[in-house]
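# Examination of the molecular architecture
Each chain is listed here by its residues.
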Amino acid sequence: MRRVSRLAATVAVSAVIALTASACGESSTESNNEESSGEGRVGIAFDVGGRNDHSFNEAAARGGDRAEEELGVSVEYQTARNGETDADRVQRLTSLAEAGYNPVIGVGYLYGNAITEVAAEYPDTTFGVVDSVPEGDNTYGMTFAEHEGSYLAGVAAALTTESNIVGFIGGVQNPLIGKFQAGFEQGVRETNPDIEIEVNYLYRDDDRGFSDPARAAEQADGMLSRGADVIYTAAGSSGQGSIEQIAGVEGAWGIGVDSDQYQQPGLAEYQDSILTSVVKGVDVAVYDLIESVEEGEPLTGHHEYTLAEDGVALATSGGFIDDLAPELEEATRRIADGEVTVNDTPNP
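Throughout what follows, the structure given in this document is the object of discussion.

Parameters at a glance
- Residues numbered from 1 in each chain as written.
- Predicted model: local features only at pLDDT ≥ 70, side-chain atom pairs only at ≥ 80, totals over all residues.
- Heavy atoms only, no water.
- Helix = DSSP H or I, 4+ residues; strand = E, 2+ residues; numbered from the N terminus.
- Buried < 20%, exposed > 50% of the residue type's maximum accessible area, 1.4 Å probe, protein only.
- Areas by Shrake-Rupley, 256 points an atom, 1.4 Å probe, with all protein chains shown as cover.
- Axes fitted to C-alpha atoms, helices over the stretch in contact; angles between N-to-C directions.
- Parallel < 35°, antiparallel > 145°, perpendicular 65-115°, else oblique.
- Left-handed = near helix turned anticlockwise from the far one by under 90°.
- Contact = heavy atoms within 4.5 Å.
- Pairing = 2+ DSSP bridges.
- Right-handed = clockwise from strand over helix to strand, strands pointing away.
- Polar contact = N/O pair within 3.5 Å; in protein donor to acceptor, adjacent residues only side chain to side chain.
- Salt bridge = Lys/Arg side-chain N within 4 Å of Asp/Glu carboxyl O.
- Arc of directions from axis to C-beta.
- Nonpolar A, V, L, I, M, F, W, Y, C, P; charged D, E, K, R; others polar.
- Core = buried A, V, L, I, M, F, W, Y, C linked by side-chain atoms within 4.5 Å.
- Expected span 1.5 Å × (residues − 1).
- Phe/Tyr/Trp six-rings, centres within 6.5 Å; stacked < 30°, edge-to-face > 60°.

## Some remarks on the overall build of the chain
On a plain count of helices and strands, the chain comes out with nine helices and 13 strands. Looking at the 348 residues of the chain, the share that counts as buried comes to 61%. A total of about 13,300 Å² of accessible surface is found on the chain, and carbon and sulfur atoms cover 42% of it.

What follows is the structure, encoded as structure tokens:
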């Protein structure tokens, strides 16, 4: 398997902690493609929320944009609707493969089963999926150690809170978002066991959790009213609602997810309330796969992008956690060296 790129070398717009040891709307097409041949054409299917979610899909889009700029490919972007079935996703992926796009990438775990099914029908096309491990010799699963990055967010929250109450808001209660919760809780508790952690999910099993900012704003408002002054939201584009609510309360801080949300133009008016963000190298993974196909050596199998290899990191934009650097760097080192094992499931 080819060596994957490093996050620190590609997230140029976002400062991150140096690792020395190491989720609405109609289905749409957002195409940058003007070519008619099958050469150098990439298909990326977004999860709900589309590329302007300021978070997860946006991170994937940065990988596609970089590939256009550096590799000369053209990228076709398509976006899921809320409440889609596997059959809907299969249809979208099939249309991309049939049109000759290669690779075809599904952004989000909901594409896992569909990628497995469609890849079997198009063995000469490489398929990738973010946050899932599909089956097939021509597939590449890109997963991340979200729990490790979230541990660092927990440390930052514990060292920042003045009320000793912090909150976690998840978009959908499932194993993936549980990784964010687990790492955050562990980081908080191992830094200060006296801190109270409030946990809420927007939905139990409904992908609207990644595109319902109004519901996230309600949850954040409740936490703030109960004294929480640092809230970490792992909920795709829903997180915008949480951040907006937090920004209206003096002394309260939000922690972003997936992308460096301080750097997102759509969140610029709230950036002074964004303490940090847990950055996932989705852009790196997407670019890695596209580059491998362009080079004639497609990545296949599964790779987890970890903290030790800069697959996840903590953004330092705004300078709000600069004074926490020694503690965060030590926590990073201990995770990367294996001295600390971060839970990937929440404690019961």
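Let us keep going from here.
## Description of the packing of helix α2 (residues 86-98) against helix α3 (residues 112-121)
In contact at an axis separation of 9 Å, α2 and α3 are set at 50 degrees when each is read in the N-to-C sense. Taken together, the axes of α2 and α3 are oblique relative to one another. Read as a crossing pair, α2 and α3 show a hand that is right-handed. In this structure, α2 uses D86, R89, V90, L93 and T94 to contact α3, whose residues at the interface are N113, A114, I115, E117 and V118.

## A closer look at unusual backbone geometry
In this chain, N102 is followed by P103 through a cis amide linkage whose omega measures 5 degrees. Looking at where P103 falls in the secondary structure, it is placed in the loop between α2 and β4 (104-107). Positioned with a positive phi, D131 is a non-glycine residue whose angle comes to about 75 degrees. Here D131 lies in the loop between β5 (127-130) and β6 (139-144). Overall, the relative accessible area of 11% leaves D131 in the buried class.

## Digging into the sheet that holds strand β7 (residues 165-172)
What the six strands build is an open sheet, ordered β8-β7-β9-β10-β11-β13; its pairing is mixed. Lying at the two open borders of the sheet, with one neighbouring strand each, are β8 (196-203) and β13 (312-314). Averaged over all pairs of adjacent strands, the angle between their axes in this sheet comes to 15 degrees, without regard to strand direction.

## Looking at the pairing of β5
On a regular strand, one side chain projects to one face of the sheet and the next to the other, so that they alternate. Every second residue of β5 is oriented toward a common face, with F127 and V129 on one face and G128 and V130 on the other, all of them buried. Taken together, β4, α3 and β5 form a β-α-β motif whose crossover is right-handed. For β5 and β6, the ladder comprises four bridges, and the chain directions are parallel. In the sheet register, G128 faces β6, and the bridge partner there is Y140.

## A look at the side chain of R51
Its place among the elements puts R51 in the loop between β2 (41-46) and α1 (56-71). Looking at R51, the relative accessible area reads 17%, which means it is buried. A polar atom in the side chain of R51 sits 2.7 Å from the side chain of D65.

## Re the pattern of salt bridges
Counted under the stated rule, the structure contains 17 salt bridges. E84 serves as the salt-bridge partner of R81, at 3.6 Å between the closest nitrogen and oxygen. On the basis of relative accessibility, which here comes to 8%, the residue E84 falls in the buried class.

## Concerning α3
Taken residue by residue, α3 has G112, A114, I115, V118 and A119 as its buried positions. In a view along the axis of α3, the buried residues occupy a sector of 150 degrees, so they form one face of it. Facing away from the buried side of α3, by more than 90 degrees, are the exposed residues N113, A120 and E121. On the buried face of α3, the contacting elements are α2, β4, β5 and β6.

## Looking at the packing of helix α6 (residues 213-225) against helix α7 (residues 239-247)
Where α6 contacts α7, the two axes come as close as 7 Å, and the packing angle between them is 40 degrees. As judged from the angle between their axes, α6 and α7 are oblique. Relative to α7, α6 is oriented so that their crossing is right-handed. The residues of α7 that touch α6, namely those facing P213, A216, A217, A220, D221 and L224, are G241, S242, Q245 and I246. Partitioned by chemical class, the residues of the contact of α6 with α7 number six nonpolar, three polar and one charged.

## Considerations on the nonpolar core
Core analysis: the biggest nonpolar cluster contains 80 residues, and I44 and F184 have the highest contact counts within it. Of the residues forming this core, the biggest block, eight residues, is contributed by helix α8 (residues 282-294). Sequence-distant contacts of F184, that is, excluding residues within four places in its chain, are made with S150, Y151, A153, G154, A157, V166, G167, F168, I197, Y232 and I255. Residues I165, I169, L224 and A252 belong to the second largest nonpolar core, which totals 13 residues.

## Digging into α8
Helix length check: α8 (13 residues) gives 18 Å between terminal C-alpha atoms against 18 Å at 1.5 Å per residue, within 8%. Within the span of α8, buried status applies to V282, D283, V284, A285, V286, Y287, D288, L289, I290, E291, S292 and V293. In the segment just after α8, G296 is the residue with positive phi, at about 80 degrees.

## A short note on the packing of aromatic side chains
Applying the stated criterion to the full structure yields eight aromatic pairs. Taken together, a centroid distance of 6.4 Å and an interplanar angle of 35 degrees make the contact between F168 and F184 tilted. Separated by 16 residues along the polypeptide, F168 in strand β7 and F184 in helix α5 (residues 175-191) bring together distant segments of the chain. Residue F168 is classed as buried on the basis of its relative accessible area of 0%.

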